[in-house]
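# Structural features, examined
Single-letter residue listing:
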Amino acid sequence: MATLSNDAGSVRLALALVDREARVPGGLPVFQGVAAGRLLGTAAVEHFDRRDREWWPFVRLPALYLPGEAVGSLVAGAREVLAGGAPGFAWQPGAGVPLAIQLGATEGPPGILVEVGLDLGPWLADVAGGQAGSEACLFRFAATRAELVRFADALAGEAREVPDK
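I will try to describe carefully the structure that is included in this document. (Residues numbered from 1 in each chain as written. Predicted model: local features only at pLDDT ≥ 70, side-chain atom pairs only at ≥ 80, totals over all residues. Heavy atoms only, no water.)

### A closer look at the environment of Val71
The line we're drawing: The helix count covers DSSP runs of H or I at least four residues long, the strand count covers runs of E at least two residues long, and both are numbered beginning at the N terminus. Burial classes: relative accessible area under 20% of the type maximum marks a residue as buried, over 50% as exposed, and values in between as partly exposed (1.4 Å probe, protein chains only).
Counting through the fold element by element, Val71 comes out in helix α1 (residues 70-82). According to the relative accessible area criterion, Val71 is buried, its value standing at 3%. On a C-alpha basis, the gap between Val71 and Leu39 in space is 8.7 Å, while along the polypeptide they are 32 residues apart.

Below is the structure:
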């Protein structure tokens, strides 16, 4: 699991890649709107409980289906911000994926402003039996440049470890 913690070590984004969908054998058509080879993962924004020294979720999204190339673009964007090639980077893995991340370089310590957007609408509508709205929550925290390097490296490593089916 790749994590990006705030500078105080009390809040973090956790992004885990679990599996990859199998590609359709023999060139058979894929169901409309479903891309072959998507990554299956989960995301959460968590807080550190100093009493029991455990991370607990504020919000944890159920299964996320990420386009295969989306993780690589997040890693590349983070590295570009770190290298000074861009003042910031906004990432949304694909249409219908209820996760978005924005990174911005700041002057002085800690160095990186992180914004994580989670759209809870599809799950809230499912529970309530209604239509999906825009029930998004935004988490904003400051992180160190070293923490972003660690996150990008961990995420790239996870993407390599997920088997290509």
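### Some points on the packing of α1 against helix α3 (residues 145-161)
The cut-off we apply is this: Axes here mean lines fitted to C-alpha atoms, for a helix over just the part in contact, with angles spanning 0 to 180 degrees between N-to-C directions. For classification, angles of less than 35 degrees are called roughly parallel, those exceeding 145 degrees roughly antiparallel, those between 65 and 115 degrees roughly perpendicular, and all remaining angles oblique. Note on convention: near helix rotated counterclockwise from far helix by under a right angle means a left-handed crossing. Clockwise means right-handed. Should any heavy atoms of two residues lie within 4.5 Å, those residues are counted as being in contact.
In contact at an axis separation of 10 Å, α1 and α3 are set at 155° when each is read in the N-to-C sense. With respect to α3, the axis of α1 lies roughly antiparallel. As α1 runs across α3, the sense of the crossing is left-handed. Along its contact with α1, which presents Val71, Leu74, Val75, Ala78, Arg79, Val81 and Leu82, the element α3 presents Arg145, Leu148, Val149, Phe151, Ala152, Asp153, Leu155, Ala156 and Ala159.

### Things to note about the pairing of strand β8 (residues 111-119)
Note the threshold: In this analysis, strands are considered paired if DSSP registers two or more bridges between them.
Burial of β8 is extensive: seven of the nine residues sit out of reach of the surface. Note: strand β7 (residues 99-105) against β8, seven bridges, orientation antiparallel. In the strand pairing of β8, Leu103 is matched with Val114. Once β7 ends, the chain turns through five residues before running back antiparallel as β8, passing Gly108 with a positive phi of about 75°.

### Focus: the pattern of salt bridges
Applied cut-off: The term salt bridge refers to a pairing of a side-chain nitrogen on Lys or Arg with a carboxyl oxygen on Asp or Glu at a separation within 4 Å.
By the definition in use, this model includes six salt bridges. Residues joined by salt bridges that share partners form a network here, namely Arg12, Glu46 and Arg60.

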